[in-house]
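One letter stands for each residue in the lines below.
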Amino acid sequence: MSIISNCTTATIKAAATSLIDGNLVAFPTETVYGLGAVATNEDAIARIYEVKGRPVGHPLIVHISSIKHLDKWARNVPEYAIKLARNFWPGPMTLILPRTSLAKDFITGGQDNVGVRVPSHTVALELLREFESQGGLGIAAPSANRFGKVSPTSAQAASDELSEYLSPNDLILDGGPCVVGVESSIINCTQDIPTILRPGAVTTELIYEKLGIVVKQSNKDGTELKIKASGLLESHYAPAAKVFISIDTQPGDGFIAYSSIPTPTGTLRLASPNNNDEYANQFYQALRLADSKQLQRVVVVPPTNEGVGIAINDRLNKAAFY
Ligand code: TXA
Ligand code: MG
């Protein structure tokens with residue numbers, strides 16, 4: 001496995017060719033790093049599951065470069081979903097839609113729905129455009145971490161997670177740190193009314209403000225929808241250190257809180273965000289730092305449930321579940 005730190009037109013082109021040849025390419029998106037493979041290549045997809053240690057049957061998100069290509073993967077796209085896509089793509093939002101025959105069971109986990117996203121990171125978009133110009137139709141990419149672990153928000157973090165499982169021909173494209181820092185909002189668009197399955201930076205409030213569309217919050221485990229989403233399992237996004245949602249610390253704990261909250265004596269400050277956007281941007285990196293310092297415990301003072309704070313609290317609750 002090599003890390004490509006100079007993402008030029010030439011190296012991105014070579015990465016697209018490598019994907020088409022059946023290799024894996026981890027790449028940056030604005031949310032987190034993804035582990036990419038050709039979405040129509042069953043063998044390459046099987047390697048994603050192997051490298052991640054992910055149980056089979058968990059569906060993967062298909063990434064495309066533009067809404068123009070949506071009808072290759074999805075059919076019966078409701079009017080509201082088209083509005084969402086036009087307004088929030090490229091961006092941190094995944095739409096779950098009825099699949100076309102291109103989206104095979106090995107992508108959808110046997111469901112009749114497919115998840116599709118157009119990411120906004122320039123390296124991701126360039127990779128997708130180059131891949132499509134070489135005949136590719138979509139790049140399947142889960143977050144580039146081992147199953148149940150913290151999503152990587154830098155190329156180094158992706159490498160720390162997966163390098164020992166990747167093959168010599170696989171690549172990691174380094175596009176710098178991810179701006180958003182938590183995974184995309186997942187919106188179920190297979191029913192009359194859209195439902196949020198996983199909160200992210202595109203919030204129900206933002207959607208209502210911009211488009212006047214009401215999006216329902218799904219119940220906690222998504223069972224009412226009979227939709228499989230591994231991020232919906234409890235105990236996910238977890239570091240090795242135990243995570244406590246609290247204000248009570250012990251000496252030697254890691255500590256994550258807004259910058260306005262002073263560091264308790266004897267603790268190690270892991271992040272000091274000034275607002276919820278910064279909180280999302282720093283959160284996963286801070287959990288990783290706790291593990292690299294081999295801390296036993298991390299105490300987290302949670303953000304407010306506003307904006308991307310809802311997504312952070314969702315991940316925090318899963319990281320802190322035993
Ligand atoms: O921000 C993101 O979404 C990142 C970047 C790389 O795009 N990707 C990501 O993928 O978070 P992953 O596989 O780690 O999480 C995707 C979630 C999983 O919980 C999966 O089960 C769910 O999306 N999902 C994917 N396709 C689905 C489908 N057809 N129906 C229901 N859930 C789906
Ligand atoms: Mg993931």
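This is a predicted model, so every value here is computed, not measured. (Residues numbered from 1 in each chain as written. Chains lettered and ligands numbered in written order. Predicted model: local features only at pLDDT ≥ 70, side-chain atom pairs only at ≥ 80, totals over all residues. Heavy atoms only, no water.)

Colleague: Help me get a handle on the sheet that holds strand 13 (residues 254–256), residues and values and all.
Modeller: Spatially, four strands are ordered 12-15-13-14 in an open sheet, and the strand pairing comes out parallel. This sheet does not close on itself; its edge strands, each paired only once, are strand 12 (242–245) and strand 14 (268–271). Between one strand axis and the next, the sheet turns through 30° on average, direction left out of account. Where strand 13 lies against strand 15 (residues 297–300), three bridges are found, and the strand directions are parallel. Residue pairing in the sheet places Phe255 in a bridge with Val299 of strand 15. (Pairing = 2+ DSSP bridges. Helix = DSSP H or I, 4+ residues; strand = E, 2+ residues; numbered from the N terminus. Axes fitted to C-alpha atoms, helices over the stretch in contact; angles between N-to-C directions.)

Colleague: How would you sum up helix 10 (residues 309–319)? Please name residues and give values.
Modeller: Taken across its eleven residues, helix 10 has nine buried, putting it largely inside the fold. Within the span of helix 10, buried status applies to Gly309, Ala311, Ile312, Asn313, Asp314, Arg315, Leu316, Lys318 and Ala319. (Buried < 20%, exposed > 50% of the residue type's maximum accessible area, 1.4 Å probe, protein only.)

Colleague: Tell me about the domain arrangement of the protein chain, and name the residues and values.
Modeller: Domain annotation for the protein chain reports domain 1 (2–225) and domain 2 (242–319). Between the C-alpha centres of domain 1 and domain 2 there is a distance of 26 Å. Tallying the contact residues gives 21 residues for domain 1 and twelve residues for domain 2. Taking both sides of the interface into account, the surface hidden between domain 1 and domain 2 amounts to around 1300 Å²; carbon and sulfur atoms contribute 55%. (Domains from an automatic or database assignment. Contact = heavy atoms within 4.5 Å. Buried area = accessible area lost by both parts, 1.4 Å probe.)

Colleague: Account for the nonpolar core, naming residues and giving values.
Modeller: Membership of the largest hydrophobic core comes to 48 residues, with the highest contact counts inside it found for Leu35, Ile45, Leu84, Leu95, Ile107 and Ile187. Among the elements of the structure, strand 3 (34–38), helix 2 (42–52), helix 3 (70–73), helix 4 (79–88), strand 5 (93–98), helix 5 (105–108), strand 6 (113–117) and helix 7 (155–162) are those that each provide at least two residues to this core. Once residues within four sequence positions are removed from consideration, Leu84 is found in contact with Trp89, Met93, Leu95, Ile187, Cys189, Ile207 and Leu211. In this structure, Val182, Ala290, Leu295 and Val300 belong to the second largest nonpolar core, which totals 27 residues. (Core = buried A, V, L, I, M, F, W, Y, C linked by side-chain atoms within 4.5 Å.)

Colleague: Lay out the side chain of Thr153 with the relevant residues and their values.
Modeller: When you line up the elements, Thr153 lands in the loop between strand 7 (139–140) and helix 7. In terms of polar contacts, Thr153 uses its side chain to reach the side chain of Gln285, at 3.3 Å. Residues in contact with Thr153, not counting those within four places in the same chain, are Thr31, Val32, Tyr33, Gly176, Pro177, Cys178, Gly181, Tyr284 and Gln285. (Polar contact = N/O pair within 3.5 Å; in protein donor to acceptor, adjacent residues only side chain to side chain.)

Colleague: Could you give me a rundown of unusual backbone geometry, with the residues and numbers involved?
Modeller: For the bond running from Trp89 to Pro90, omega is -10°, close enough to zero to count as cis. As for its placement among the helices and strands, Pro90 is situated in the loop between helix 4 and strand 5. A positive phi angle, near 50°, is found at Asn76, a position not held by glycine. On the secondary structure map, Asn76 appears in the loop between helix 3 and helix 4. Look at Asn76 and you get exposed, because its relative accessible area is 60%. Positive phi, close to 55°, is recorded for Gln294, a residue that is not glycine.

Colleague: Before we move on, can you summarise the confidence of the model for the protein chain with the specific residues and values?
Modeller: Mean pLDDT for the protein chain: 94, with 94% of residues reaching 70 or above. Every residue in residues 221–227 is under pLDDT 50, and counting partners more than four places away or in other chains gives 18 contacts. (pLDDT = per-residue confidence, 0-100.)

Colleague: Residues and numbers for the sheet that holds strand 9 (residues 185–188), please.
Modeller: Sheet architecture is open: eleven strands sit in the order 1-8-2-3-7-4-6-5-9-10-11, paired in mixed fashion. Where the open sheet ends on each side, the last strands, each with one partner, are strand 1 (2–4) and strand 11 (216–217).

Colleague: How would you sum up the pairing of strand 6? Please name residues and give values.
Modeller: Counted residue by residue, strand 6 has five buried out of five residues, so it is predominantly covered. Residues Asn113, Gly115 and Arg117 line one face of strand 6 and the alternating positions Val114 and Val116 line the opposite face, and both faces are buried. Pairing between strand 4 (residues 61–63) and strand 6: three bridges, direction parallel. Paired with Ile61 across the two strands is Gly115, which belongs to strand 6.

Colleague: How would you sum up the environment of Phe88? Please name residues and give values.
Modeller: Examined against the element boundaries, Phe88 turns out to sit in helix 4. Given the relative accessible area of 8%, Phe88 is considered buried. Not counting residues up to four positions away in its chain, the partners in contact with Phe88 are Met93, Val202, Leu206, Ile207, Lys210 and Leu211.

Colleague: Can you tell me about the packing of aromatic side chains, naming the residues and giving the values?
Modeller: Applying the stated criterion across every chain, the model contains four aromatic pairs. An angle of 10° between the planes, with centres 6.4 Å apart, marks the rings of Tyr237 and Tyr284 as stacked. Within this pair, whereas Tyr237 is found in the loop between strand 11 and strand 12, its partner Tyr284 is found in helix 9 (residues 276–292), the two being separated by 47 residues in sequence. The exposure class assigned to Tyr284 is buried, which follows from its relative accessible area of 1%. Look at Phe283 and Tyr284: their rings are 5.8 Å apart centre to centre, the planes differ by 35°, and that puts the pair in the tilted class. The burial state of Phe283 is the same as that of Tyr284; both residues are buried. One aromatic cluster is present, formed by Tyr237, Tyr258, Tyr279, Phe283 and Tyr284 through successive ring pairs. For the cation-ring pair, Arg146 lies above Tyr165, with the distance from its terminal atom to the ring centre recorded as 3.8 Å. (Phe/Tyr/Trp six-rings, centres within 6.5 Å; stacked < 30°, edge-to-face > 60°. Lys NZ or Arg CZ within 6 Å of the ring centre and 35° of its normal.)

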